[in-house]
Amino acid sequence: MDQSMKQLTKTAMMAAIIFVCTFTFKIPNVITGGYTHLGDCCIFIGVMVLGRKHGTAAAAVGAALSDLLGGFFVWVVPTFIIKGIMAFVMGTIVEKVLPERKGNWLIGAVVGGICQIIGYTAVKVVMLGTAAALATTPTITAQTTIGIIIAAVVISILESSKVMGRLRQM
């Protein structure tokens, strides 16, 4: 199998994992009609495994697919853009801004997560009004924070066991 086919396969598999963790583990949000999920941790892990470019693609496609198949049609495009930005920002910090710094992924995940919080809040202001948007800020913040914490555990295990390096080389 040539290298581009391997990369495409890894990206598609990560998009599927992001989809499953977003689609399966849902906590409904009555204010927006949306939901809180565990997909963000997989997005952060995906960026670490796939890198900025392919991690961004997997994040955008996997998360948007969850909204599409879950019946949240109005959120498909915003989710595609916002999750893509979150992953791209994280990947840029990891690969371009702080490539030699230990823990660069954590800084990237936090900054990318802040972009997600701002992005979803801005979209909700337009779609639902300022009060509803601000009322849901704690839930998107909690989702992002929990995603970072779970990713920290998984990434730490993958790196200490040398599995992360093998996943990147596959």
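Just so you know, these numbers come straight off a predicted model, no measurement behind them. (Residues numbered from 1 in each chain as written. Predicted model: local features only at pLDDT ≥ 70, side-chain atom pairs only at ≥ 80, totals over all residues. Heavy atoms only, no water.)

Further remarks concern a nonpolar patch on the surface. A cluster of nonpolar side chains, F23, L65, L68, L69 and F73, forms an exposed patch at the surface whose accessible area comes to about 460 Å². Here F23 shows up in helix α1 (residues 3-24). A relative accessible area of 30% places F23 in the partly exposed class. (Patch = residues over 30% accessible without salt bridge, like charges linked within 9 Å, V, L, I, M, F, W, Y side chains within 5 Å. Areas by Shrake-Rupley, 256 points an atom, 1.4 Å probe, with all protein chains shown as cover. Salt bridge = Lys/Arg side-chain N within 4 Å of Asp/Glu carboxyl O. Helix = DSSP H or I, 4+ residues; strand = E, 2+ residues; numbered from the N terminus. Buried < 20%, exposed > 50% of the residue type's maximum accessible area, 1.4 Å probe, protein only.)

To continue, consider empty space enclosed by the protein. One pass over the structure, following the stated rule, counts 1 cavity of 30 Å³ or more. Together, 18 residues line the largest cavity, and G34, Y35, H37, Y120 and Q143 are the ones closest to its centre. Residue assignment for the lining of the largest cavity shows that the elements contributing at least two residues are β2 (35-36), α3 (52-69), α4 (76-97), α5 (104-128) and α7 (137-160). Broken down by element, the residue count for the lining of the largest cavity peaks at 3 residues, all from α7. When the residues that make up the lining of the largest cavity are grouped by side-chain class, the tally is 6 nonpolar, 9 polar and 3 charged. (1 Å grid on protein atoms, 1.4 Å probe; cavity = no way out; pocket = protein on both sides within 12 Å on 5 of 7 lines; lining within 4 Å. Points joined across faces, edges and corners; volume = space filled by probe spheres on them. Nonpolar A, V, L, I, M, F, W, Y, C, P; charged D, E, K, R; others polar.)

What follows concerns the layout of surface pockets. There is about 270 Å³ of room inside the largest pocket. As for the largest pocket, its lining consists of K10, M13, M14, I17, C42, I45, V49, L50, V154, L158, L167 and M170. When residues of the lining of the largest pocket are traced back to their parent elements, those giving at least two are α1, α2 (39-50) and α7. Across the lining of the largest pocket, the residue classes tally to 11 nonpolar, no polar and 1 charged.

Time to look at the environment of G46. Along the polypeptide, G46 turns up in helix α2. Residue classification places G46 among the buried positions, given a relative accessible area of 1%. Placed 35 residues apart in sequence, G46 and T11 show a C-alpha to C-alpha distance of 8.4 Å. Excluding anything up to four places from it in sequence, G46 contacts M14, G51 and G55. (Contact = heavy atoms within 4.5 Å.)

Along the chain, T22 turns up in helix α1. Engagement of the side chain of T22 in a polar contact is seen with the backbone oxygen of I18, the distance being 2.7 Å. Beyond its immediate chain neighbours, meaning those up to four positions away, T22 contacts Y35, H37, G39 and S66. (Polar contact = N/O pair within 3.5 Å; in protein donor to acceptor, adjacent residues only side chain to side chain.)

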